[in-house]
Each structure stands twice: as C-alpha cells, then as structure tokens.
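Overview (structure and organization)
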Amino acid sequence: MEEAIAMNGGDGPNSYTQNSKFQEQGSDRAKALLSNSIQEFLDIQESLQVFSVADLGCSVGPNTFSCVQTITKAVQLKYKAHSLKLEVPEFHVFFNDNVTNDFNTLFKALPVHRHYMAAGVPGSFYGRLFPKASMNFIHSSYSLHWLTKVPEEVVKEESPAWNKGRITYVLSSCEVVKAFTSQFLSDMEAFFSARSLEMERCGLMALLIPCRPEGTLPSDSIFCQFFECLSGALKDLVKEGLVTEALVDSFNLPIYIPDASELKKAITSNKHLELLKMEEVYFPPMLTSPEDVLACSRHVRAAMEGILCNHFGSQIMDQLFEKYSEKLEEFSKMPHFIRVKNLENLFVLVKRNDLV
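Report on the accompanying structure. (Residues numbered from 1 in each chain as written. Predicted model: local features only at pLDDT ≥ 70, side-chain atom pairs only at ≥ 80, totals over all residues. Heavy atoms only, no water.)

Right, let's get into unusual backbone geometry. Across the chain, the bulk of peptide bonds are trans and the bulk of non-glycine residues have phi less than zero. Here the bond from G61 into P62 is cis, since omega is 5 degrees, no more than 30 degrees from zero. With respect to the secondary-structure elements, P62 resides in the loop between β1 (50–56) and α2 (63–82). Positive phi values are uncommon outside glycine, yet S59 reaches one of about 60 degrees. Inspection of the secondary structure puts S59 in the loop between β1 and α2. Given the relative accessible area of 2%, S59 is considered buried. Notably, C202 is not glycine yet its phi reads approximately 70 degrees, a positive angle. Mapped onto the secondary structure, C202 falls in strand β5 (residues 199–210). (Helix = DSSP H or I, 4+ residues; strand = E, 2+ residues; numbered from the N terminus. Buried < 20%, exposed > 50% of the residue type's maximum accessible area, 1.4 Å probe, protein only.)

Spelled out as structure tokens, the structure:
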C-alpha cells in the first residue's frame, strides 16, 4: 500500500513552514538553472491563452511560491523577448501534494499580489493527476527521493533482505540495497509515465533531486547518513525501554537517494521524454555549531515526524529528537562527515517530444 507522506503542517516551531531553509538553500542555488532553462528551451505558442504550471510535492510553503515565481517570471520574459506585441498568456498554477498535506496552511500563505490563479491538486504524483496534454510546465523539488512504499521484503524476518535494526539501506546488505533500488526504479517509471501523458507536446519538466556522487556506494550518501542517525537514536530508546526492538525492526524510511546514472536510466527509458539537461547543484553541509545541529534536527523532524508518529506514537517524539540531536553532533565530528565539502543535488530538465 502506498504511504501518504506529508510534512508537518501549521506554522509552529516543528512545522515545515518554519523548518525548510535547507530546501530553500538548494532551490536558490538552482534558481538560475531553472530560469535559464526556460529561456533556452521553452517553445513559444503565439495562440496560447493559458499557461499551466504544476508544482509537485509543494508541501505548505514558502519554497513552492518562490519556485513558482521564478517559473512564471521566466516565462513572461521569454514571451516578451519573442515579441513586444505578443500577449503573455494567463498563468494557472496547480499545487500538488498528498491528501494528508496541510493545504489550509498552504493557501493561507498564498502571495497576495501573485500574477497567477491557484488550485490545489491532492494525490500522489506517482499516478495521474492531470488530463492528457494539459501541462505546459511541471516542477518538483526535494520530493522524488520519497518512495511510494518501503519494499516489503526488508521488513519480513524470513526474507534475505530483512533490514533488522536499521531504518535506511545505507549500511545494509546487498539484498536490502537491491530492494530499495528496485523500488526507486519502479516508482520512477510510474512517475515519468504519468508525466509524459500530462505534458503537452514540447512541454518542459524541471526536477531538483538530492543525489549521491556518480559511481559511489549508497553508504556515501550524506543525506541518508543524516537519516541513519535516527537509527542510533531509536536504539537508545530501546535500551531505555521506551520502544521495543521489534517495533524498530519493522520500520524503514521510504527514501532512496540515487546517483545520476539511475535517474538518467529512468528518464531515457520513456520514449516520450527527452533529457535536455542534468547538472549538479552543490551547497555546503552545515553542522559546525550547536545551532546548526539543532536546525538540522528540526528540519528532519518537520519532514519525518508524521511517518514516525504513525509507527511509534507521538509520545516519544521529544525524547527521540533529543537523542537525534546528540547523534548528529557525534556524526559531525566523524572523519567521514568532515571530508564532505558539499551536499550534492541534481537539476534535471526534461522535454515532452513529438511522438504520439
């Protein structure tokens, strides 16, 4: 069964609204790539009345609004550069996330002076969301590392891929890694299949995805190492009798961090899509002070608390993230982390080709 993941809603201290600076930093680094890609590759349609944009995995803001502003402004500039007499189409922006997303908080935060009409589209982006050939531009950032589900075999005790005592695959057996990789590729096939139907001919799609360096092992993903620190925190709670070992053994995060070749394979296997651009986007990891550690812990809590509460219950969350902050501080002093100069992300631009 597909898991409906949602970031923490509202605007409280543990909300995604207050704890998404990490994603904002990555999106800001990719802003020029996004804008320049529109200038270079967007096809002008002189008779177009409405330009439809979708942001998939929008959460509750504010980053989604910044991305949409970048897209619509770049499209306006492209139309005006094409011809001063050409009328810029109206913009219709669709904000998509899972049905459990806090859309109330999202729409309360809509920019007052926006130059587009807005609509919410609840549902998983791994399936169809829009009519055929209806979307001119699709965008998604920091969403596609979430899988539709944890591979079933990693939580079965009798399975060779049982991932006992861990909540990610980064330090696990080859069987576990293979199960997560297979789930990612299956999900990507579904994602790109749905988008290839929804994009109009020559429509564009821009994606920003956390990744690991090409040709590296899963254990080289610093993103997943951050999450793996949660394993240590949970094990401490087991020792203190607050959580059972069996409950930890039955939990895995539905997350996969790919390398560029895995993502490229998923895109190029769809005959309706053309990969136009794939560029790395870097920014330095920040765990150099107690304030950085606390900020990282709160970011992870804003993203993970919902799925953790569903499995372990809300009563242990404060203790869990206190332990998690301690594990992060320990990790920040390890040689493996100290050698990391930048966190890696991939900016990907895809075009719907003319094939029927």
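This is not the end of the story, as more comes after the structure.
So, on to empty space enclosed by the protein. Counted by the stated rule, this structure contains 2 cavities of 30 Å³ or more. When its volume is computed, the largest cavity comes out at roughly 120 Å³. Taken together, 15 residues form the lining of the largest cavity, with S27, A30, L34, C67 and H139 sitting closest to its centre. For the lining of the largest cavity, the secondary structure elements donating two or more residues are α1 (21–41), α2, β4 (135–141) and β5. Here the lining of the largest cavity gets 5 residues from one element, more than from any other, and that element is α1. Of the residues contributing to the lining of the largest cavity, the split by class is 7 nonpolar, 6 polar and 2 charged. (1 Å grid on protein atoms, 1.4 Å probe; cavity = no way out; pocket = protein on both sides within 12 Å on 5 of 7 lines; lining within 4 Å. Points joined across faces, edges and corners; volume = space filled by probe spheres on them. Nonpolar A, V, L, I, M, F, W, Y, C, P; charged D, E, K, R; others polar.)

Take α1 next. With 21 residues, α1 should cover 30 Å at 1.5 Å per step; its first-to-last C-alpha distance of 29 Å lies within 8% of that length. At A30, α1 shows its maximal kink, close to 45 degrees. (Expected span 1.5 Å × (residues − 1). Bend = angle between axes of the 7 residues up to and from the residue.)

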